[in-house]
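# Structural characterization, general
Take a look at the letters that make up each chain.
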Amino acid sequence: MKLVELPMGLRRYVKDISRELGEEIIFLGDPVYGSCHLYEEIADFLGLEEIIHYSHTPFYTPNKRVVFKVNQLSYSEDVFSIIEEEIRSESGKVGVITNAQFLKLAYEVKKRFKDRVELKRGRLARGLGQVLGCDFSAARVESRKLIFLGDGLFHPIGARISTGKEVLSLNPVTCEQINVEKEAERFLKMRFHSIFRAKRSNSFGVILGAMRGQFRMRDFQMSVRLLQEEGKEVFRIVSKVISPEIIEEFGLDCYVICACPRIVDEQPRFKKPLITPRELEIAFGRRDEYVMDEISEVEW
Ligand code: SF4
């Protein structure tokens with residue numbers, strides 16, 4: 001038997017996936033947000049040798065055999081003429097970044113436009129040009145402008161803030177184009193509101209991610225130390241899942257998330273402020289400029 005891990009969007013295709021795999025499988029019910037979430041201990045508990053993980057590329061080297069299944073989505077051919085126009089308007093190169101679902105397209109863009117396109121491999125994400133919500137290093141190229149191929153705004157906003165470059169988000173299916181400048185401003189406004197609330201808080205929960213790819217012990221220890229130095233009440237929490245139902249029962253003023261950096265984008269769902277370790281540094285005067293929180297220390 002094999003353990004099958006599906007992200008939320010694919011769970012409704014459970015019948016098709018069962019037919020496709022055609023073998024004895026058991027589906028994981030717990031949430032799967034990235035390949036930082038490989039439930040190896042559940043596979044061990046069940047005595048299973050293999051995990052089949054959908055939609056994400058490898059992140060760290062697992063102990064078990066894991067088959068990563070990432071479908072490449074089909075796209076409109078108009079994408080190439082839009083990119084060509086962007087390239088023409090630039091004197092230098094244009095950087096291309098993407099998510100796991102459009103890695104083949106990014107490679108095709110590089111093949112067509114050759115030296116006019118920059119495609120870089122990041123630190124954690126393994127695909128060329130691939131960015132993750134916790135790793136924007138593939139966006140740190142020489143080009144002045146970046147084109148993000150994909151949907152959703154978190155990745156292009158993160159690339160904009162972490163590089164300072166102009167970012168055009170291009171949906172390869174619908175060809176919708178968004179210059180993410182305004183969205184980045186909106187994101188920063190939300191983040192500084194949480195930082196402001198953190199400054200006025202007295203009791204803090206510092207949450208260490210319990211998934212192997214989110215286990216950020218150094219940031220956790222740094223955050224606890226900083227808050228102790230500031231004379232705050234500090235409570236250490238370790239958790240696999242961070243949701244309002246689980247966290248807000250602790251009844252503290254503010255939570256520092258030493259886990260997936262993307263969780264703070266969920267702020268509207270939480271009553272209390274959530275901040276990243278980098279934002280904690282800003283709140284207490286240890287850092288001047290805003291930076292996206294990225295997983296930089298490989299501690300697992
Ligand atoms: S830590 Fe967060 S952003 Fe990074 S791979 Fe996991 S779910 Fe995605």
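Please read all numbers here as calculations on a predicted model, not as lab measurements.

## Comments concerning unusual backbone geometry
In this model, K114 sits at a positive phi of 40 degrees, which is unusual for a non-glycine residue. Looking at where K114 falls in the secondary structure, it is placed in the loop between α4 (103-113) and β6 (117-118). What makes K114 exposed here is the crowd of 8 C-beta atoms within 10 Å. Positive phi outside glycine occurs at C175, with the angle close to 65 degrees. You can see C175 is positioned in the loop between β8 (166-170) and β9 (177-179). The exposure class assigned to C175 is partly exposed, which follows from the 14 C-beta atoms found within 10 Å.

## Observations concerning the site of the ligand
Close to the ligand lie Y33, G34, C36, F59, L132, G133, C134, G213, Q214, C260 and R262. Taken together, the residues that form the shell around the ligand break down as six nonpolar, four polar and one charged.

## Here we look at the sheet that holds β6
Spatial ordering of the open sheet is given by β6-β5-β7-β8-β9, a layout of five strands whose pairing is mixed. The sheet is open, and its two edges are formed by β6 and β9, each paired on a single side. Here strand β7 (residues 145-149) runs beside β8; their pairing, made up of five bridges, is parallel. Of the residues in β8, the one forming a bridge with F148 is S169.

## Describing the sheet that holds strand β1 (residues 2-5)
The four strands are arranged β2-β1-β3-β4 in an open sheet whose pairing can be described as parallel. Where the open sheet ends on each side, the last strands, each with one partner, are β2 (25-27) and β4 (65-69). Adjacent strand axes in the sheet meet at a mean angle of 25 degrees when their direction is disregarded. In the sheet, strand β3 (residues 50-54) pairs with β4 via five bridges, with the strands oriented parallel. Residue pairing for β4: I52 is matched across the bridge by V67.

## Re the domain arrangement of the chain
Assigned domains of the chain: these are domain 1 (2-69), domain 2 (78-179) and domain 3 (188-283). Using only C-alpha atoms to locate each centre, domain 1 and domain 2 end up separated by 28 Å. Domain 1 puts six residues into the contact, and the matching count from domain 2 is seven residues. A per-class count over the side of domain 1 that touches domain 2 returns two nonpolar, four polar and no charged.

## Some remarks on the nonpolar core
Counting residues in each nonpolar core, the largest one holds 63 residues, and the members touching the most others are V96, I207, V256, I257 and I275. Taken together, domain 2 (78-179) and domain 3 (188-283) each give at least three residues to this core, which thus spans both. In this structure I257 touches I207, I242, I263, V264, L274 and T276, once residues within four positions along its chain are discounted. By size, the runner-up hydrophobic cluster in this structure holds 10 residues, among which are L6, V32, Y39 and I52.

## Re the packing of helix α5 (residues 154-163) against helix α6 (residues 181-199)
Running from amino to carboxyl end, α5 crosses α6 at an angle of 80 degrees, the nearest separation of the two axes being 9 Å. In terms of their interaxial angle, α5 and α6 are classed as roughly perpendicular. Here α5 contributes I157, R160 and I161 to the contact with α6, which in turn contributes E183, A184 and F187. Classifying every residue of the contact of α5 with α6 gives four nonpolar, no polar and two charged.

The rules behind these values
- Residues numbered from 1 in each chain as written.
- Predicted model: local features only at pLDDT ≥ 70, side-chain atom pairs only at ≥ 80, totals over all residues.
- Helix = DSSP H or I, 4+ residues; strand = E, 2+ residues; numbered from the N terminus.
- Buried ≥ 20, exposed ≤ 12 C-beta atoms within 10 Å, placed from the backbone.
- Near = placed C-beta within 6 Å.
- Nonpolar A, V, L, I, M, F, W, Y, C, P; charged D, E, K, R; others polar.
- Pairing = 2+ DSSP bridges.
- Axes fitted to C-alpha atoms, helices over the stretch in contact; angles between N-to-C directions.
- Domains from an automatic or database assignment.
- Contact = placed C-beta atoms within 7 Å.
- Core = buried A, V, L, I, M, F, W, Y, C linked by C-beta atoms within 7 Å.
- Parallel < 35°, antiparallel > 145°, perpendicular 65-115°, else oblique.

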